[in-house]
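Spelled out from the first residue to the last, the chains are:
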Amino acid sequence: MNQTLMKKLISIVAPLAIELLLSPTVIAEQILQHTHIDPNSNERQSIKNNFQLSKDIPQTTSIIDNINQDEKRFSIAERRDRKDPPFAPLDRAGWGDLQMSQVTSVSQLSDVQPSDWAFQALQSLVERYGVIAGYPDSTFRGDRAMTRYEFAAGLNAALERINEQIATGNPITQTDLATLQKLQTDFATELVTLRGRVDRLEVQTAQLESNQFSTTTKLEGTVIFALSDAFGGAGDDNNTVLQSRSRLAFETSFTGKDLLTTRLDFGNFEQFDLPTDEGRLGFDSNTEGSVELGNLEYELPVGEKITLLFQFNDSDSDDFTDVINPLFEDSDTGAISRFGRRNPIYRVPNSNTGIGARLQLSEAMSFDFAYLAGDANDPAAGAGLFNGDYGAIAQLTLTPSDRLAVGLTYIHSYGAAGQGLDTGTGSTAANLTQIGTPDLELPVVGNSYGIEASYRISEDFAIGGWVGYTAARAIGLGDGSIWNYAITLGFPDLGKEGNLGGIIIGMQPKLTGTSSGLRAIGQSSDPNTSIHVEGFYRYQATDNISITPGLIWLTAPNHNTENEDIVIGTIRTAFEF
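Residues numbered from 1 in each chain as written. Predicted model: local features only at pLDDT ≥ 70, side-chain atom pairs only at ≥ 80, totals over all residues. Heavy atoms only, no water.

**Q** I keep staring at the overall build of the chain and nothing clicks. Help me out?
**A** When its secondary structure is counted, the chain shows 12 helices and 18 strands. Burial analysis of the chain (577 residues in total) assigns 43% to the buried set. Contacts in the chain between residues at least 24 apart in sequence constitute 65% of all its contacts with a sequence separation of at least 6. Of the accessible surface of the chain, which amounts to about 28600 Å², a share of 54% is contributed by carbon and sulfur atoms. (Helix = DSSP H or I, 4+ residues; strand = E, 2+ residues; numbered from the N terminus. Buried < 20%, exposed > 50% of the residue type's maximum accessible area, 1.4 Å probe, protein only. Contact = heavy atoms within 4.5 Å. Areas by Shrake-Rupley, 256 points an atom, 1.4 Å probe, with all protein chains shown as cover.)

Below you can see the structure in the form of C-alpha coordinates.
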(Lines give C-alpha, C1' and ligand atoms only; values in the text may rest on other atoms or scores of the structure.)
Protein backbone atom coordinates (compact mmCIF):
# COMPACT_ATOMS: atom_id res chain seq x y z
CA MET A 1 0.00 0.00 0.00
CA ASN A 2 1.64 3.26 -1.17
CA GLN A 3 2.09 6.35 0.89
CA THR A 4 -0.52 8.42 -0.93
CA LEU A 5 -3.17 5.74 -0.57
CA MET A 6 -2.51 5.29 3.13
CA LYS A 7 -2.76 9.02 3.74
CA LYS A 8 -6.07 9.20 1.90
CA LEU A 9 -7.34 6.07 3.59
CA ILE A 10 -6.68 7.57 7.01
CA SER A 11 -7.99 11.02 6.14
CA ILE A 12 -11.27 9.72 4.71
CA VAL A 13 -12.13 6.58 6.64
CA ALA A 14 -11.11 7.76 10.14
CA PRO A 15 -13.74 10.48 10.53
CA LEU A 16 -16.33 8.24 8.93
CA ALA A 17 -15.56 5.56 11.50
CA ILE A 18 -17.51 7.71 13.93
CA GLU A 19 -20.61 6.97 11.89
CA LEU A 20 -19.51 3.31 11.63
CA LEU A 21 -20.42 3.33 7.93
CA LEU A 22 -24.12 3.75 8.58
CA SER A 23 -24.42 5.51 5.20
CA PRO A 24 -22.10 4.17 2.45
CA THR A 25 -23.41 6.83 0.07
CA VAL A 26 -22.14 9.55 2.40
CA ILE A 27 -18.72 7.85 2.39
CA ALA A 28 -18.60 7.82 -1.39
CA GLU A 29 -19.59 11.49 -1.59
CA GLN A 30 -16.89 12.40 0.93
CA ILE A 31 -14.23 10.57 -1.10
CA LEU A 32 -15.37 11.93 -4.46
CA GLN A 33 -15.07 15.48 -3.15
CA HIS A 34 -11.31 14.96 -3.21
CA THR A 35 -11.19 13.72 -6.84
CA HIS A 36 -11.22 15.34 -10.27
CA ILE A 37 -14.04 13.09 -11.54
CA ASP A 38 -16.87 14.95 -13.27
CA PRO A 39 -19.77 15.27 -10.76
CA ASN A 40 -22.27 14.37 -13.52
CA SER A 41 -20.38 11.46 -15.06
CA ASN A 42 -21.49 7.83 -15.09
CA GLU A 43 -18.12 6.89 -13.62
CA ARG A 44 -18.90 8.90 -10.49
CA GLN A 45 -22.28 7.16 -10.07
CA SER A 46 -20.65 3.75 -10.61
CA ILE A 47 -18.19 4.42 -7.81
CA LYS A 48 -21.03 5.39 -5.50
CA ASN A 49 -22.88 2.20 -6.33
CA ASN A 50 -19.81 0.10 -5.63
CA PHE A 51 -19.70 1.53 -2.10
CA GLN A 52 -23.10 0.10 -1.13
CA LEU A 53 -22.63 -2.63 1.46
CA SER A 54 -24.28 -5.98 0.92
CA LYS A 55 -27.35 -6.63 3.13
CA ASP A 56 -26.77 -10.39 3.10
CA ILE A 57 -23.32 -10.53 4.72
CA PRO A 58 -23.47 -12.70 7.85
CA GLN A 59 -22.62 -10.94 11.11
CA THR A 60 -19.74 -11.90 13.33
CA THR A 61 -19.53 -11.28 17.08
CA SER A 62 -15.74 -11.19 17.45
CA ILE A 63 -15.44 -7.42 17.62
CA ILE A 64 -18.54 -7.06 19.76
CA ASP A 65 -17.26 -9.68 22.16
CA ASN A 66 -14.08 -7.66 22.65
CA ILE A 67 -16.14 -4.54 23.38
CA ASN A 68 -18.29 -6.40 25.89
CA GLN A 69 -15.28 -7.90 27.64
CA ASP A 70 -13.74 -4.46 28.00
CA GLU A 71 -16.98 -3.10 29.48
CA LYS A 72 -17.15 -5.94 32.02
CA ARG A 73 -13.51 -5.78 33.05
CA PHE A 74 -14.10 -4.23 36.46
CA SER A 75 -16.66 -5.23 39.07
CA ILE A 76 -18.56 -2.74 41.23
CA ALA A 77 -16.11 -3.28 44.07
CA GLU A 78 -13.14 -2.55 41.77
CA ARG A 79 -14.74 0.56 40.38
CA ARG A 80 -15.35 1.77 43.89
CA ASP A 81 -11.70 1.16 44.84
CA ARG A 82 -10.43 2.91 41.70
CA LYS A 83 -11.61 6.26 42.98
CA ASP A 84 -9.80 5.99 46.31
CA PRO A 85 -6.05 6.60 45.94
CA PRO A 86 -3.70 5.02 46.69
CA PHE A 87 -5.74 1.92 45.91
CA ALA A 88 -6.46 2.18 42.18
CA PRO A 89 -6.26 -1.46 41.00
CA LEU A 90 -3.83 -2.35 38.24
CA ASP A 91 -5.08 -3.64 34.91
CA ARG A 92 -4.25 -7.04 33.47
CA ALA A 93 -0.91 -5.88 32.17
CA GLY A 94 0.19 -4.53 35.53
CA TRP A 95 -0.39 -0.87 34.84
CA GLY A 96 -2.93 1.49 36.30
CA ASP A 97 -4.81 4.16 34.36
CA LEU A 98 -2.03 4.97 31.93
CA GLN A 99 -1.92 7.32 28.97
CA MET A 100 -0.34 6.05 25.77
CA SER A 101 2.46 8.03 24.20
CA GLN A 102 3.09 8.78 20.53
CA VAL A 103 6.05 7.02 18.88
CA THR A 104 8.00 8.15 15.84
CA SER A 105 9.87 4.93 15.05
CA VAL A 106 8.81 1.30 15.16
CA SER A 107 12.11 0.56 16.91
CA GLN A 108 10.69 2.33 19.97
CA LEU A 109 8.22 -0.55 20.41
CA SER A 110 10.21 -3.21 22.24
CA ASP A 111 7.77 -6.06 21.54
CA VAL A 112 7.58 -5.51 17.75
CA GLN A 113 10.08 -7.56 15.73
CA PRO A 114 10.87 -7.52 11.97
CA SER A 115 9.68 -11.12 11.84
CA ASP A 116 6.15 -10.17 12.97
CA TRP A 117 3.58 -10.59 10.23
CA ALA A 118 2.31 -7.02 10.66
CA PHE A 119 5.74 -5.40 10.98
CA GLN A 120 5.67 -3.56 7.65
CA ALA A 121 2.18 -2.22 8.26
CA LEU A 122 3.16 -0.96 11.73
CA GLN A 123 6.35 0.53 10.38
CA SER A 124 4.42 2.45 7.74
CA LEU A 125 1.77 3.68 10.18
CA VAL A 126 4.37 4.73 12.75
CA GLU A 127 7.19 6.18 10.70
CA ARG A 128 5.29 7.62 7.75
CA TYR A 129 1.98 8.66 9.22
CA GLY A 130 2.42 8.91 13.01
CA VAL A 131 -0.97 7.49 13.96
CA ILE A 132 0.21 4.69 16.27
CA ALA A 133 0.78 5.16 20.01
CA GLY A 134 2.64 2.88 22.39
CA TYR A 135 2.38 2.21 26.12
CA PRO A 136 4.64 4.02 28.60
CA ASP A 137 6.74 0.84 28.95
CA SER A 138 7.60 1.08 25.21
CA THR A 139 5.41 -1.83 24.14
CA PHE A 140 2.70 -2.09 21.48
CA ARG A 141 0.85 -5.17 22.82
CA GLY A 142 -0.51 -6.16 19.46
CA ASP A 143 -2.17 -9.32 20.74
CA ARG A 144 -4.67 -7.58 23.04
CA ALA A 145 -8.12 -6.19 22.27
CA MET A 146 -8.40 -2.54 21.32
CA THR A 147 -10.32 -0.38 23.80
CA ARG A 148 -12.52 2.57 22.96
CA TYR A 149 -9.99 4.92 24.57
CA GLU A 150 -7.22 3.63 22.30
CA PHE A 151 -9.50 3.97 19.30
CA ALA A 152 -10.20 7.57 20.28
CA ALA A 153 -6.46 8.29 20.50
CA GLY A 154 -5.85 6.84 17.05
CA LEU A 155 -8.85 8.64 15.65
CA ASN A 156 -7.56 11.93 17.00
CA ALA A 157 -4.25 11.40 15.20
CA ALA A 158 -6.14 10.56 12.02
CA LEU A 159 -8.23 13.72 12.31
CA GLU A 160 -5.07 15.75 12.48
CA ARG A 161 -4.04 14.13 9.21
CA ILE A 162 -7.35 15.22 7.70
CA ASN A 163 -6.48 18.84 8.39
CA GLU A 164 -3.11 18.36 6.72
CA GLN A 165 -4.76 16.84 3.63
CA ILE A 166 -7.26 19.64 3.37
CA ALA A 167 -4.46 22.19 3.63
CA THR A 168 -2.35 20.56 0.89
CA GLY A 169 -5.31 19.84 -1.43
CA ASN A 170 -3.90 16.50 -2.57
CA PRO A 171 -6.48 14.69 -4.79
CA ILE A 172 -7.22 10.97 -4.64
CA THR A 173 -6.50 8.91 -7.74
CA GLN A 174 -8.81 6.27 -9.20
CA THR A 175 -6.25 3.64 -8.21
CA ASP A 176 -6.55 4.76 -4.62
CA LEU A 177 -10.33 4.54 -4.87
CA ALA A 178 -10.18 1.02 -6.27
CA THR A 179 -7.90 -0.12 -3.46
CA LEU A 180 -10.13 1.54 -0.87
CA GLN A 181 -13.17 -0.21 -2.36
CA LYS A 182 -11.38 -3.54 -2.07
CA LEU A 183 -10.55 -2.88 1.57
CA GLN A 184 -14.15 -2.04 2.24
CA THR A 185 -15.24 -5.31 0.68
CA ASP A 186 -12.65 -7.31 2.66
CA PHE A 187 -13.86 -5.84 5.95
CA ALA A 188 -17.56 -5.69 5.06
CA THR A 189 -18.53 -8.27 7.69
CA GLU A 190 -16.97 -6.31 10.52
CA LEU A 191 -18.44 -3.05 9.26
CA VAL A 192 -21.94 -4.51 9.07
CA THR A 193 -21.53 -5.91 12.60
CA LEU A 194 -20.53 -2.51 13.94
CA ARG A 195 -23.39 -0.85 12.10
CA GLY A 196 -25.85 -3.26 13.68
CA ARG A 197 -24.29 -2.62 17.07
CA VAL A 198 -24.84 1.13 16.72
CA ASP A 199 -28.43 0.59 15.56
CA ARG A 200 -29.17 -1.40 18.70
CA LEU A 201 -27.44 1.15 20.92
CA GLU A 202 -29.44 3.98 19.37
CA VAL A 203 -32.69 2.13 20.11
CA GLN A 204 -31.62 1.41 23.67
CA THR A 205 -30.52 5.01 24.18
CA ALA A 206 -33.85 6.29 22.93
CA GLN A 207 -35.66 3.98 25.34
CA LEU A 208 -33.51 5.11 28.26
CA GLU A 209 -34.02 8.77 27.44
CA SER A 210 -37.79 8.35 27.23
CA ASN A 211 -37.95 6.50 30.56
CA GLN A 212 -35.15 8.12 32.53
CA PHE A 213 -35.76 9.33 36.05
CA SER A 214 -34.24 12.73 35.37
CA THR A 215 -31.90 14.41 32.92
CA THR A 216 -29.79 15.76 35.78
CA THR A 217 -30.23 13.20 38.59
CA LYS A 218 -29.33 9.56 39.06
CA LEU A 219 -30.53 7.31 41.86
CA GLU A 220 -28.30 4.99 43.89
CA GLY A 221 -29.27 2.82 46.80
CA THR A 222 -27.99 0.39 49.40
CA VAL A 223 -29.86 -2.05 51.62
CA ILE A 224 -28.15 -3.86 54.49
CA PHE A 225 -29.38 -6.82 56.51
CA ALA A 226 -27.32 -7.85 59.54
CA LEU A 227 -27.62 -10.89 61.76
CA SER A 228 -25.73 -10.12 64.99
CA ASP A 229 -25.15 -11.26 68.56
CA ALA A 230 -22.83 -10.54 71.51
CA PHE A 231 -21.18 -13.12 73.76
CA GLY A 232 -19.27 -13.10 77.01
CA GLY A 233 -19.61 -10.79 80.00
CA ALA A 234 -22.27 -8.14 79.43
CA GLY A 235 -22.77 -9.53 75.93
CA ASP A 236 -24.60 -12.56 77.34
CA ASP A 237 -27.43 -10.29 78.42
CA ASN A 238 -28.28 -9.60 74.77
CA ASN A 239 -30.24 -11.64 72.26
CA THR A 240 -29.58 -12.46 68.63
CA VAL A 241 -30.97 -9.72 66.38
CA LEU A 242 -31.79 -9.29 62.69
CA GLN A 243 -31.60 -5.62 61.72
CA SER A 244 -31.65 -3.56 58.55
CA ARG A 245 -30.69 -0.22 57.07
CA SER A 246 -31.75 1.32 53.74
CA ARG A 247 -30.38 4.36 51.96
CA LEU A 248 -31.46 6.09 48.77
CA ALA A 249 -29.17 8.77 47.33
CA PHE A 250 -30.17 11.22 44.62
CA GLU A 251 -27.06 12.56 42.88
CA THR A 252 -27.68 15.66 40.79
CA SER A 253 -25.31 17.60 38.57
CA PHE A 254 -26.30 20.91 36.99
CA THR A 255 -23.06 21.63 35.13
CA GLY A 256 -21.51 18.18 34.74
CA LYS A 257 -18.84 19.04 37.29
CA ASP A 258 -20.80 19.98 40.41
CA LEU A 259 -22.66 17.40 42.53
CA LEU A 260 -25.69 17.76 44.81
CA THR A 261 -26.35 14.68 46.96
CA THR A 262 -29.61 14.15 48.81
CA ARG A 263 -29.82 10.95 50.84
CA LEU A 264 -32.82 9.38 52.57
CA ASP A 265 -32.23 6.93 55.43
CA PHE A 266 -34.21 4.25 57.20
CA GLY A 267 -32.81 1.97 59.91
CA ASN A 268 -34.02 -0.11 62.84
CA PHE A 269 -30.74 -0.89 64.63
CA GLU A 270 -30.86 -1.05 68.41
CA GLN A 271 -27.42 -1.06 70.03
CA PHE A 272 -26.33 -3.94 72.26
CA ASP A 273 -26.61 -3.23 75.96
CA LEU A 274 -22.91 -2.95 76.83
CA PRO A 275 -20.96 -0.83 79.34
CA THR A 276 -19.26 1.05 76.51
CA ASP A 277 -19.64 2.27 72.93
CA GLU A 278 -16.68 0.13 71.90
CA GLY A 279 -19.03 -2.55 70.58
CA ARG A 280 -20.95 -0.38 68.10
CA LEU A 281 -21.27 -1.71 64.56
CA GLY A 282 -20.08 0.46 61.70
CA PHE A 283 -23.40 0.41 59.88
CA ASP A 284 -25.92 0.79 62.70
CA SER A 285 -28.66 3.38 62.22
CA ASN A 286 -31.96 3.92 63.99
CA THR A 287 -34.49 6.31 62.50
CA GLU A 288 -37.20 5.14 64.93
CA GLY A 289 -39.58 3.91 62.27
CA SER A 290 -39.48 6.92 59.98
CA VAL A 291 -37.60 7.91 56.84
CA GLU A 292 -35.15 10.71 57.59
CA LEU A 293 -33.00 13.06 55.61
CA GLY A 294 -29.41 11.88 55.88
CA ASN A 295 -26.64 13.62 53.99
CA LEU A 296 -27.46 16.81 52.12
CA GLU A 297 -24.32 18.10 50.47
CA TYR A 298 -23.13 20.11 47.49
CA GLU A 299 -19.72 20.00 45.85
CA LEU A 300 -18.69 22.80 43.50
CA PRO A 301 -15.34 22.95 41.67
CA VAL A 302 -13.93 26.44 41.23
CA GLY A 303 -11.24 26.24 38.63
CA GLU A 304 -8.93 23.25 38.44
CA LYS A 305 -7.43 23.36 41.93
CA ILE A 306 -10.22 24.48 44.28
CA THR A 307 -13.40 22.64 45.28
CA LEU A 308 -15.99 24.15 47.61
CA LEU A 309 -17.88 21.75 49.90
CA PHE A 310 -21.21 22.45 51.59
CA GLN A 311 -22.88 20.17 54.15
CA PHE A 312 -26.42 21.02 55.25
CA ASN A 313 -27.36 17.99 57.35
CA ASP A 314 -25.74 15.16 59.32
CA SER A 315 -22.20 16.36 58.66
CA ASP A 316 -18.94 15.22 60.23
CA SER A 317 -15.37 16.34 59.79
CA ASP A 318 -14.71 13.37 57.50
CA ASP A 319 -17.15 14.82 54.94
CA PHE A 320 -14.57 17.49 54.13
CA THR A 321 -11.42 15.42 53.73
CA ASP A 322 -9.98 11.98 53.04
CA VAL A 323 -9.73 9.80 56.17
CA ILE A 324 -6.95 7.72 54.52
CA ASN A 325 -8.62 4.37 55.14
CA PRO A 326 -9.90 3.41 51.67
CA LEU A 327 -10.44 -0.32 52.15
CA PHE A 328 -12.26 -0.05 55.48
CA GLU A 329 -14.05 3.32 55.58
CA ASP A 330 -17.24 2.40 53.70
CA SER A 331 -20.05 1.33 56.04
CA ASP A 332 -21.57 -0.91 53.35
CA THR A 333 -18.50 -2.89 52.40
CA GLY A 334 -15.68 -1.94 54.78
CA ALA A 335 -15.01 -2.55 58.47
CA ILE A 336 -17.84 -4.02 60.54
CA SER A 337 -17.10 -1.84 63.59
CA ARG A 338 -17.64 1.89 63.98
CA PHE A 339 -14.09 2.25 65.31
CA GLY A 340 -12.52 0.41 62.37
CA ARG A 341 -13.82 2.80 59.74
CA ARG A 342 -11.69 5.83 60.62
CA ASN A 343 -9.77 7.70 63.29
CA PRO A 344 -12.37 8.65 65.96
CA ILE A 345 -11.18 12.26 66.06
CA TYR A 346 -13.05 12.78 62.75
CA ARG A 347 -16.30 12.23 64.68
CA VAL A 348 -15.93 15.44 66.70
CA PRO A 349 -17.35 18.01 66.93
CA ASN A 350 -21.09 17.52 67.38
CA SER A 351 -22.31 19.13 64.15
CA ASN A 352 -24.76 18.87 61.30
CA THR A 353 -23.82 21.77 59.02
CA GLY A 354 -20.54 22.87 57.53
CA ILE A 355 -18.71 24.68 54.75
CA GLY A 356 -15.21 23.92 53.55
CA ALA A 357 -12.79 23.80 50.67
CA ARG A 358 -10.23 21.49 49.14
CA LEU A 359 -7.08 23.00 47.66
CA GLN A 360 -5.03 20.84 45.30
CA LEU A 361 -1.59 22.27 45.96
CA SER A 362 0.12 19.82 43.62
CA GLU A 363 -0.35 16.32 42.23
CA ALA A 364 1.03 14.91 45.47
CA MET A 365 -0.38 17.35 48.02
CA SER A 366 -3.78 18.75 48.98
CA PHE A 367 -5.03 20.90 51.84
CA ASP A 368 -8.59 20.65 53.19
CA PHE A 369 -10.28 22.88 55.75
CA ALA A 370 -13.82 23.43 57.01
CA TYR A 371 -15.98 25.08 59.64
CA LEU A 372 -18.84 23.07 61.20
CA ALA A 373 -21.77 23.99 63.44
CA GLY A 374 -24.14 21.84 65.48
CA ASP A 375 -27.21 24.10 65.61
CA ALA A 376 -26.85 26.30 62.54
CA ASN A 377 -30.61 26.23 61.92
CA ASP A 378 -31.58 27.31 65.46
CA PRO A 379 -31.83 31.08 66.09
CA ALA A 380 -32.16 30.66 69.87
CA ALA A 381 -29.59 32.00 72.32
CA GLY A 382 -26.53 29.75 72.58
CA ALA A 383 -27.22 28.26 69.15
CA GLY A 384 -27.02 29.38 65.54
CA LEU A 385 -24.11 29.20 63.15
CA PHE A 386 -21.52 30.62 65.57
CA ASN A 387 -22.87 30.37 69.14
CA GLY A 388 -23.66 26.67 69.57
CA ASP A 389 -21.50 23.55 69.20
CA TYR A 390 -18.88 24.18 66.55
CA GLY A 391 -15.63 22.88 65.16
CA ALA A 392 -12.95 23.44 62.55
CA ILE A 393 -10.79 20.96 60.68
CA ALA A 394 -7.60 21.36 58.69
CA GLN A 395 -5.77 18.48 57.02
CA LEU A 396 -2.72 18.20 54.81
CA THR A 397 -2.86 15.07 52.65
CA LEU A 398 0.28 13.74 50.98
CA THR A 399 0.14 11.21 48.15
CA PRO A 400 3.73 10.77 46.96
CA SER A 401 2.66 7.72 44.90
CA ASP A 402 -0.48 5.88 43.85
CA ARG A 403 0.18 3.36 46.64
CA LEU A 404 0.96 5.65 49.57
CA ALA A 405 -1.13 8.31 51.30
CA VAL A 406 -0.51 10.18 54.56
CA GLY A 407 -2.79 12.62 56.38
CA LEU A 408 -1.86 15.19 59.02
CA THR A 409 -5.02 16.33 60.80
CA TYR A 410 -5.99 19.05 63.27
CA ILE A 411 -9.52 19.53 64.65
CA HIS A 412 -10.68 22.17 67.11
CA SER A 413 -14.07 21.59 68.72
CA TYR A 414 -16.48 22.99 71.26
CA GLY A 415 -19.25 20.89 72.77
CA ALA A 416 -22.01 22.34 74.94
CA ALA A 417 -22.81 20.88 78.35
CA GLY A 418 -23.66 17.22 78.00
CA GLN A 419 -22.20 16.92 74.49
CA GLY A 420 -18.55 16.59 75.48
CA LEU A 421 -16.38 14.78 72.91
CA ASP A 422 -18.81 11.99 72.14
CA THR A 423 -17.50 9.98 69.18
CA GLY A 424 -19.66 6.90 69.61
CA THR A 425 -16.49 4.91 70.29
CA GLY A 426 -14.17 4.34 73.23
CA SER A 427 -14.81 4.44 76.96
CA THR A 428 -17.50 6.44 78.67
CA ALA A 429 -14.84 8.48 80.46
CA ALA A 430 -13.15 9.43 77.17
CA ASN A 431 -16.35 10.99 75.86
CA LEU A 432 -16.53 13.47 78.77
CA THR A 433 -20.31 13.83 78.45
CA GLN A 434 -20.73 13.30 82.20
CA ILE A 435 -17.75 14.16 84.35
CA GLY A 436 -16.81 12.79 87.75
CA THR A 437 -18.94 11.02 90.32
CA PRO A 438 -21.50 13.85 90.35
CA ASP A 439 -21.95 13.23 86.58
CA LEU A 440 -21.44 16.90 85.86
CA GLU A 441 -22.34 18.19 82.40
CA LEU A 442 -19.94 20.93 81.36
CA PRO A 443 -18.90 22.53 78.06
CA VAL A 444 -15.78 20.85 76.70
CA VAL A 445 -13.16 22.24 74.32
CA GLY A 446 -11.00 19.82 72.37
CA ASN A 447 -7.87 20.15 70.27
CA SER A 448 -7.36 16.91 68.37
CA TYR A 449 -4.34 15.81 66.33
CA GLY A 450 -4.13 12.84 64.04
CA ILE A 451 -1.71 11.04 61.75
CA GLU A 452 -3.22 8.63 59.25
CA ALA A 453 -1.43 6.49 56.68
CA SER A 454 -2.19 3.83 54.14
CA TYR A 455 0.28 1.91 51.99
CA ARG A 456 -0.57 -0.65 49.32
CA ILE A 457 2.43 -2.95 49.39
CA SER A 458 1.12 -5.10 46.54
CA GLU A 459 -2.11 -5.75 44.68
CA ASP A 460 -3.01 -8.33 47.33
CA PHE A 461 -1.89 -6.64 50.53
CA ALA A 462 -2.21 -3.21 52.14
CA ILE A 463 -1.26 -1.88 55.54
CA GLY A 464 -2.50 1.26 57.25
CA GLY A 465 -3.51 2.82 60.51
CA TRP A 466 -3.67 5.95 62.58
CA VAL A 467 -2.84 7.64 65.89
CA GLY A 468 -5.17 10.18 67.47
CA TYR A 469 -4.64 12.48 70.45
CA THR A 470 -7.07 14.96 72.00
CA ALA A 471 -6.23 17.62 74.57
CA ALA A 472 -9.59 18.21 76.26
CA ARG A 473 -10.64 20.93 78.70
CA ALA A 474 -13.79 20.89 80.80
CA ILE A 475 -14.35 24.63 81.05
CA GLY A 476 -13.90 25.90 84.58
CA LEU A 477 -12.77 22.53 85.91
CA GLY A 478 -9.69 20.93 84.39
CA ASP A 479 -7.94 19.11 81.56
CA GLY A 480 -7.74 15.58 80.23
CA SER A 481 -5.76 13.64 77.63
CA ILE A 482 -7.33 11.10 75.25
CA TRP A 483 -5.47 8.69 72.99
CA ASN A 484 -6.44 6.10 70.40
CA TYR A 485 -4.62 4.12 67.71
CA ALA A 486 -5.12 1.31 65.20
CA ILE A 487 -3.27 -0.84 62.68
CA THR A 488 -5.17 -2.15 59.66
CA LEU A 489 -4.26 -5.04 57.37
CA GLY A 490 -6.17 -5.40 54.11
CA PHE A 491 -6.20 -8.33 51.68
CA PRO A 492 -7.95 -7.24 48.46
CA ASP A 493 -9.25 -9.93 46.08
CA LEU A 494 -8.69 -12.63 48.70
CA GLY A 495 -9.93 -15.87 47.16
CA LYS A 496 -11.79 -14.08 44.40
CA GLU A 497 -11.71 -10.81 42.53
CA GLY A 498 -13.72 -8.19 44.46
CA ASN A 499 -13.42 -9.92 47.83
CA LEU A 500 -11.73 -8.31 50.83
CA GLY A 501 -10.20 -9.69 53.98
CA GLY A 502 -9.54 -7.30 56.84
CA ILE A 503 -7.86 -7.28 60.26
CA ILE A 504 -7.94 -4.30 62.64
CA ILE A 505 -6.06 -4.14 65.94
CA GLY A 506 -6.07 -1.05 68.11
CA MET A 507 -7.09 0.86 71.19
CA GLN A 508 -10.32 2.81 71.15
CA PRO A 509 -10.36 6.30 72.76
CA LYS A 510 -9.03 6.13 76.31
CA LEU A 511 -8.81 8.86 78.93
CA THR A 512 -5.12 8.54 79.80
CA GLY A 513 -4.58 11.56 82.05
CA THR A 514 -6.55 14.11 84.08
CA SER A 515 -5.63 17.30 85.88
CA SER A 516 -6.11 17.88 89.59
CA GLY A 517 -9.37 19.71 88.98
CA LEU A 518 -10.93 16.65 87.34
CA ARG A 519 -9.51 14.28 89.90
CA ALA A 520 -10.94 16.42 92.71
CA ILE A 521 -14.49 15.53 91.63
CA GLY A 522 -13.65 11.87 91.03
CA GLN A 523 -12.86 11.95 87.31
CA SER A 524 -9.78 9.78 87.06
CA SER A 525 -8.13 8.19 84.05
CA ASP A 526 -9.32 4.87 82.64
CA PRO A 527 -7.72 2.23 84.90
CA ASN A 528 -6.67 -0.30 82.26
CA THR A 529 -6.37 -0.74 78.51
CA SER A 530 -8.90 -2.45 76.27
CA ILE A 531 -7.68 -3.88 72.96
CA HIS A 532 -9.93 -3.96 69.93
CA VAL A 533 -9.38 -6.97 67.63
CA GLU A 534 -11.50 -7.25 64.51
CA GLY A 535 -11.55 -9.61 61.56
CA PHE A 536 -13.93 -9.82 58.62
CA TYR A 537 -14.17 -11.32 55.16
CA ARG A 538 -16.27 -9.69 52.45
CA TYR A 539 -17.41 -12.13 49.81
CA GLN A 540 -18.52 -10.43 46.60
CA ALA A 541 -21.32 -12.77 45.51
CA THR A 542 -22.22 -10.61 42.49
CA ASP A 543 -21.44 -7.11 41.30
CA ASN A 544 -24.32 -5.86 43.47
CA ILE A 545 -24.40 -8.24 46.45
CA SER A 546 -21.75 -8.81 49.12
CA ILE A 547 -21.83 -10.96 52.25
CA THR A 548 -19.49 -10.08 55.13
CA PRO A 549 -19.14 -12.27 58.22
CA GLY A 550 -17.00 -10.74 60.96
CA LEU A 551 -16.01 -10.81 64.63
CA ILE A 552 -15.06 -8.09 67.12
CA TRP A 553 -13.18 -9.06 70.27
CA LEU A 554 -13.00 -6.49 73.06
CA THR A 555 -10.60 -7.22 75.91
CA ALA A 556 -11.28 -5.42 79.22
CA PRO A 557 -14.27 -3.45 77.84
CA ASN A 558 -14.47 0.19 78.85
CA HIS A 559 -10.73 -0.01 79.59
CA ASN A 560 -11.41 -1.90 82.79
CA THR A 561 -10.21 -5.43 83.52
CA GLU A 562 -13.12 -5.93 85.92
CA ASN A 563 -15.30 -6.27 82.80
CA GLU A 564 -15.14 -9.65 81.07
CA ASP A 565 -14.10 -9.82 77.43
CA ILE A 566 -16.90 -9.42 74.89
CA VAL A 567 -17.12 -10.97 71.42
CA ILE A 568 -19.55 -9.56 68.87
CA GLY A 569 -20.37 -11.51 65.74
CA THR A 570 -22.26 -10.29 62.69
CA ILE A 571 -23.09 -11.29 59.14
CA ARG A 572 -23.69 -8.21 57.00
CA THR A 573 -25.35 -8.62 53.61
CA ALA A 574 -25.32 -5.54 51.40
CA PHE A 575 -27.33 -4.96 48.22
CA GLU A 576 -26.16 -2.08 46.04
CA PHE A 577 -28.06 -0.67 43.11
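**Q** Where do I start with the environment of Leu396 in this structure?
**A** Secondary-structure assignment places Leu396 in strand 10 (residues 390-401). Between the C-alpha atom of Leu396 and that of Asp322, which follows or precedes it by 74 residues, the distance is 9.7 Å. Not counting residues up to four positions away in its chain, the partners in contact with Leu396 are Leu361, Met365, Ser366, Phe367, Val406, Gly407 and Leu408.

**Q** In this structure, what is going on with the packing of aromatic side chains? I would like to understand it.
**A** Going through the model one piece at a time under the given rule, you end up with 14 aromatic pairs. Both rings, one in Phe225 and one in Phe575, keep their centres 5.9 Å apart while their planes meet at 80°; by these two values the pair is edge-to-face. Residue Phe225 is found in strand 3 (residues 217-231), and its partner Phe575 is found in strand 18 (residues 566-576); the two are separated by 350 residues along the sequence. What makes Phe225 partly exposed here is its relative accessible area of 38%. For Phe575, a relative accessible area of 30% corresponds to the partly exposed category. With 4.6 Å between their ring centres and 40° between their planes, Tyr469 and Trp483 make a pair best called tilted. Here Tyr469, found in strand 13 (residues 461-474), pairs with Trp483, found in strand 14 (residues 478-492); they are 14 residues apart in sequence, far enough to count as distant. Through a chain of ring-to-ring contacts, three or more aromatic side chains come together here, namely Tyr371, Phe386, Tyr390 and Tyr414. (Phe/Tyr/Trp six-rings, centres within 6.5 Å; stacked < 30°, edge-to-face > 60°.)

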